[in-house]
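Read off the chains here:
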Amino acid sequence: MVKIVGIAGSLRANSYSQMALGLAAQRVQALGAEVEILDLRKMQLPFCDGGDEYPDYPDVKRLQDAVSNADGLILVTPEYHGSVSGVLKNALDLMSFEQLSGKVAGLISVLGGQSNSNALNDLRVILRWTHTWSILEQVAIGQAWKAFSAEGKLLDEKLSQRLDQFAESLVETSQKLRKN
Ligand SMILES: Cc1cc2nc3c(=O)[nH]c(=O)nc-3n(C[C@H](O)[C@H](O)[C@H](O)COP(=O)(O)O)c2cc1C
């Protein structure tokens, strides 16, 4: 079965992006995929300095190895100033073609304001440059502060169904394009 790695680009304690990642991961797992979530809040990652080696930061290799061994990725970004968060961009910058080329990615954005596709579109452009295939299905969770129930479920049934379709497409496309 396919291996999927999930990464969310928020370091906030009660992050809705991390919540959305948890939901997406559950759905992908329910379809039989193996899922590993890399919680960047628990990892020590430096800013990318353009070098290849980060001997003082073993988590860089952990990130790279996990992504290398995956067939697909769930990438969740909070929308920050109309785009991808620096946290997620930096995690991607710490990797190269070696890890990301040919992988399949499903993209989710989480916003404080109205749902839109700004950060998702920008993330697609970044992934084109890392030669990562982005699936066509995507989910934007607007007004995240009122989008989740106390149990962490999505309150909007249509959005929840969209997440199901997203998960199905991610697993199916990762299977079709798997390299490992
Ligand atoms: C630096 C910064 C910039 C933000 N810019 C936007 C924005 O452009 N559009 C928007 O809808 N929300 C914006 N927000 C709100 C966040 O998207 C929102 O709080 C979201 O829930 C953050 O994700 P998290 O809950 O995973 O931390 C911004 C928040 C921060 C901290």
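Please read all numbers here as calculations on a predicted model, not as lab measurements.

Parameters and conventions
- Residues numbered from 1 in each chain as written.
- Predicted model: local features only at pLDDT ≥ 70, side-chain atom pairs only at ≥ 80, totals over all residues.
- Heavy atoms only, no water.
- Helix = DSSP H or I, 4+ residues; strand = E, 2+ residues; numbered from the N terminus.
- Rg over C-alpha atoms; globule rule 2.2 N^0.38 Å.
- Contact = heavy atoms within 4.5 Å.
- Areas by Shrake-Rupley, 256 points an atom, 1.4 Å probe, with all protein chains shown as cover.
- Lys, Arg positive; Asp, Glu negative; His and termini not counted.
- Charge placed at Lys NZ, Arg CZ, Asp CG, Glu CD.
- Salt bridge = Lys/Arg side-chain N within 4 Å of Asp/Glu carboxyl O.
- Buried < 20%, exposed > 50% of the residue type's maximum accessible area, 1.4 Å probe, protein only.
- Pairing = 2+ DSSP bridges.
- Right-handed = clockwise from strand over helix to strand, strands pointing away.
- 1 Å grid on protein atoms, 1.4 Å probe; cavity = no way out; pocket = protein on both sides within 12 Å on 5 of 7 lines; lining within 4 Å.
- Points joined across faces, edges and corners; volume = space filled by probe spheres on them.
- Core = buried A, V, L, I, M, F, W, Y, C linked by side-chain atoms within 4.5 Å.
- Near = heavy atom within 4 Å.
- Polar contact = N/O pair within 3.5 Å; in protein donor to acceptor, adjacent residues only side chain to side chain.
- Nonpolar A, V, L, I, M, F, W, Y, C, P; charged D, E, K, R; others polar.

1. Notes on the overall build of the chain
Here comes step 1: The number of helices and strands found in the chain is six helices and five strands.
Here comes step 2: Since a compact globule built from 180 residues should have a radius of gyration of about 16 Å, the 15 Å found for the chain is in line with a globular shape.
Here comes step 3: Principal axes of the C-alpha set define a box for the chain whose edges measure 45 × 35 × 25 Å.
Here comes step 4: The long-range fraction of contacts in the chain, counting pairs at least 24 apart against all pairs at least 6 apart in sequence, stands at 77%.
Here comes step 5: Only carbon and sulfur atoms are counted for the fraction: they give 50% of the accessible area of the chain, which is about 9,200 Å².
Here comes step 6: Separation between the mean location of the 18 positive side-chain charges and that of the 21 negative ones in the chain comes to 4 Å.

2. Concerning the pattern of salt bridges
Pairing is possible between side chains of opposite charge, provided their charged atoms come close.
Here comes step 1: One pass over the full model with this rule turns up eight salt bridges.
Here comes step 2: Between Arg41 and Asp39 there is a salt bridge, and its shortest N-O distance comes to 3.0 Å.
Here comes step 3: Note that Lys61 is salt-bridged to Asp65, the shortest N-O span being 2.8 Å. In this pair, Lys61 and Asp65 are both assigned in helix 2 (residues 58-68), four residues apart and thus about one turn of the helix distant.
Here comes step 4: Shared partners join several salt bridges into a network, and the residues in it are Asp39, Arg41 and Lys42.

3. Considering the pairing of strand 4 (residues 104-110)
Here comes step 1: The buried fraction of strand 4 amounts to seven of the seven residues, a majority that puts the element mostly inside the structure.
Here comes step 2: The alternating pattern of strand 4 places Val104, Gly106, Ile108 and Val110 and Ala105, Leu107 and Ser109 on opposite faces, both of which are buried.
Here comes step 3: For strand 3 (residues 72-78) and strand 4, the ladder comprises seven bridges, and the chain directions are parallel. Its bridge partner being in strand 4, Pro78 is matched across the sheet by Val110.
Here comes step 4: Here strand 4 pairs with strand 5 (residues 133-141) via six bridges, running parallel. Bridge pairing links Val104 to Trp133 in strand 5.
Here comes step 5: Crossover connection from strand 4 via helix 5 (residues 118-129) to parallel strand 5: handedness right-handed.

4. Description of the layout of surface pockets
Here comes step 1: Size it by volume and the largest pocket reaches roughly 370 Å³.
Here comes step 2: The set of elements that each furnish at least two residues to the lining of the largest pocket consists of helix 2 and helix 4 (97-100).
Here comes step 3: With six residues, the top contributor of residues to the lining of the largest pocket is helix 2.

5. Notes on the nonpolar core
Here comes step 1: Counting residues in hydrophobic clusters, the biggest one holds 29 residues, and the most contacted among them are Val28, Ile74, Ile108 and Ile141.
Here comes step 2: Discounting chain neighbours no more than four positions away, the residues touching Ile74 are Ile4, Val5, Gly6, Ile7, Leu21, Ala24, Ala25, Val28, Gly106, Ile108, Phe166 and Leu170.
Here comes step 3: Listed in part, the 28 residues of the second largest apolar core include Tyr54, Leu63, Leu100 and Leu120.

6. Describing the site of the ligand
Here comes step 1: Surveying the vicinity of the ligand reveals 14 residues, the closest of which are Ser10, Ser15, Ser17, His81 and Gly113.
Here comes step 2: Within the contact set of the ligand, a nitrogen atom lies 2.8 Å away from a backbone nitrogen or oxygen of His81.
Here comes step 3: Residue Gly112 places a main-chain N or O atom 3.3 Å away from an oxygen atom belonging to the ligand.
Here comes step 4: The protein chains hide 69% of the 630 Å² of surface that the ligand would expose on its own.
Here comes step 5: When grouped by side-chain class, the residues that make up the shell around the ligand number five nonpolar, seven polar and two charged.

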